[in-house]
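Reading the structure
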Amino acid sequence: MHWHAYVLVFVAGLVAAFGTSLGAVPLFFVEDIDTRLNVGLWGLAGGLMASASVFGLLYEAYRHHSSIWLTGGGFVCGALLVVVAHRVVERMEYEPEDMAEADASTLLNIFVVLLVHSFPEGIAIGVSFAELNALQHGGGIHVLGFTIPILAVVMTAALAIHNVPEGIATAIPMREKMSNVKMWAAAFFTSVPQPIGAVVAFYFVVLAQEFLGFGYGFAAGAMLYLVADDVLPEGLEAGEELADSRAKTYLGAGAFIGFVAMAPLILFL
């Protein structure tokens, strides 16, 4: 695969990562984000990620006639990666405001935490580019002589949207200690490992096409476990000031909209 393909995948990871810094932008102008909107965004992100995993990644494994054992093994390994990543992050926990006065050593430690936390999301982007082909070889979106799979586009968009409420949550505790520019940059920094994970995953799926079903299952397992164990609980936590039933309603509505809206984009485009 030409090096241009790796640049393209890296750029896609950067686009997703910029969702985090985008989440910090509203805090330049307002003191806080409406709780209902924030909870709904978490739900929307969870729905988009789940739909892209089911109708995109797992469907691609089925379409390629991958063994159910190969795909299932990848699914379990992807979920286990997120479990291990969360355990590591819990032991090396940091607060976003720590970046305000961090020295080089502290920033390095924070980056290691972020690498473990964000790497699985980058893997999902990289795997979704597995069928990146030259322009003449198929359908999709044509860019720079390549045909970008629709799955890659929707996965990148889903993770970028997921990063917006994550950026809000990251920026809120930093706004009193940092300028707007530094807060924006720090929010972006938290998702920098995503393009790295994307390139690494893309390299391996290109290298071993016969294990592509494992790669699709791996990415789907990581994404669905993230939704269940991270995204949706974060949404409920963001809605703590609401009545429990109202928080679940906004979260569920966002998740339903995201899940239903994403499916036709993947299946019929």
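Coordinates for the structure precede this section.
All of the points below concern the structure found in this document. (Residues numbered from 1 in each chain as written. Predicted model: local features only at pLDDT ≥ 70, side-chain atom pairs only at ≥ 80, totals over all residues. Heavy atoms only, no water.)

**Focus: the side chain of Asp-230**
Counting through the fold element by element, Asp-230 comes out in helix α8 (residues 212-238). One buried charged residue, Asp-230, remains without a salt bridge, the closest side chain of opposite sign being Arg-87 at 14 Å. Residues within four places of Asp-230 in sequence aside, it is in contact with His-86, His-117 and Tyr-225. (Helix = DSSP H or I, 4+ residues; strand = E, 2+ residues; numbered from the N terminus. Buried < 20%, exposed > 50% of the residue type's maximum accessible area, 1.4 Å probe, protein only. Lys, Arg positive; Asp, Glu negative; His and termini not counted. Salt bridge = Lys/Arg side-chain N within 4 Å of Asp/Glu carboxyl O. Contact = heavy atoms within 4.5 Å.)

**Here we look at the pattern of salt bridges**
If you walk through the whole model with that rule in mind, you get four salt bridges. Note that Asp-34 is salt-bridged to Arg-36, the shortest N-O span being 3.3 Å. Judged by relative accessible area, which is 37%, Asp-34 ranks as partly exposed. Judged by relative accessible area, Arg-36 falls into the partly exposed class, the value being 40%. Glu-131 is paired through a salt bridge with Arg-63; the nearest N and O atoms lie 2.8 Å apart. Separated by 68 residues along the polypeptide, Glu-131 in the loop between α4 (104-128) and β1 (133-134) and Arg-63 in helix α2 (residues 35-63) bring together distant segments of the chain. Taking the relative accessible area as the measure of exposure, Glu-131 reaches 27% and is therefore partly exposed. If you follow the salt bridges from partner to partner, you end up with Glu-60, Arg-63 and Glu-131 in one network.

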